[in-house]
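Examining the three-dimensional arrangement
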Amino acid sequence: MPMLRLPAAERQGFAAGFRIISPLLPAIFSWGLVTGVAMSKSILTVPQAIGMSLMLYAGSAQLASLPLFAAGMPLWTILLTVGIVNLRFVIFSAALQPHFSYLSLPRRIVLGYVNGDLGFVMFMNQNFASGYVPGKEGTYYGITISNWAVWHVSSILGIMLGALVPDSWGLGFAGTLALIPMMVHTITSRSTMLTVALASVIGLLAFDLPYRLNLVLGVFGALAAGMVCDELTARHAKRLALASPKAAANDDSAHVGARDDAQESVKNRATGERRS
């Protein structure tokens, strides 16, 4: 594992990353279990389902491909669908590039493989500076590898035990419910709330599009909204920063003026007393 080659600061970061993602691990386990059960009930054999889970590592893409396998669609159609659903990872990788561009290509490939939706969000919420920062790579691995391990354990468990789970249990709905606390946990600002709301609306309005394009449109819409919100927030903060020195200068002038008036009043009173 990459952690074994990391120095002490990165190992400490790994532990910190695990603590960051740990509140979400039960929900990740639930969703992985549901995905595994769904795969076990498809036309895939158990080895095929496990191999697909390990290689693809993308629950939405795995679920999107299952009805295509069942319908006997051509391989290129299945690959195209999976690629479209996973386009969001191109955005994730672009956002991670300033943080890890100094690493070698093999290490960046490992970083990309273990990356996931929640891992990416939780890492970006730490607001690390760009470039090398001690402990940053370890924190990333602590978050993403924990996510990766729990997902695959639960997914493989669902694949192995899926035949024992009746459809009447409604695990699909339970898996959807499991995603709600994970999503809520990532909402930390008004801009995040706006992007979540916009992505939800776009996803619902475009639900009937083929190849799960509603997911792609939702991601791009949320990305655009988030960029606009961040830009407006930065401009507002800049205006406040520029206004603060002026306000401070005005306050200082007011204090100086009040002090001068008080001194003048005392001087006039003393002069009047001497004359009397």
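So, how was this worked out
Residues numbered from 1 in each chain as written. Predicted model: local features only at pLDDT ≥ 70, side-chain atom pairs only at ≥ 80, totals over all residues. Heavy atoms only, no water. Phe/Tyr/Trp six-rings, centres within 6.5 Å; stacked < 30°, edge-to-face > 60°. Helix = DSSP H or I, 4+ residues; strand = E, 2+ residues; numbered from the N terminus. Buried < 20%, exposed > 50% of the residue type's maximum accessible area, 1.4 Å probe, protein only. Expected span 1.5 Å × (residues − 1). UniProt positions renumbered as here; feature names shortened; annotations may be inferred.

1. Comments concerning the packing of aromatic side chains
- What the rule picks out here adds up to 10 aromatic pairs.
- Seen from their ring centres, tyrosine 57 and tyrosine 113 are 6.1 Å apart, and the 50° between their planes marks the pair as tilted. With tyrosine 57 in the loop between helix 3 (46–56) and helix 4 (59–70) and tyrosine 113 in helix 7 (residues 105–114), this pair connects stretches of sequence that are 56 residues apart.
- Relative accessible area serves as the criterion here: at 34%, tyrosine 113 is assigned to the partly exposed category.
- Here the aromatic residues Phe100, Phe123, Phe128, Tyr140 and Tyr141 are joined through ring pairs into a cluster of three or more.

2. Regarding helix 2 (residues 25–40)
- Helix length check: helix 2, at 16 residues, gives a terminal C-alpha distance of 22 Å against a target of 22 Å (1.5 Å per residue), a fit within 8%.
- Residues Leu25, Ala27, Ile28, Trp31, Gly32, Val34, Thr35, Gly36, Val37 and Met39 constitute the buried set of helix 2.

3. Things to note about the UniProt feature "transmembrane region" (unreviewed entry) in the protein chain
- The UniProt feature table records "transmembrane region" (unreviewed entry) at residues 20–38, 50–69, 75–96, 108–128, 148–166 and 213–229.
- A helix fraction of 90% and a strand fraction of 0% characterise residues 50–69, whose end C-alpha atoms lie 15 Å from each other.
- As annotated, residues 75–96 has a helix share of 91% and a strand share of 0%, and its two end C-alpha atoms lie 31 Å apart.

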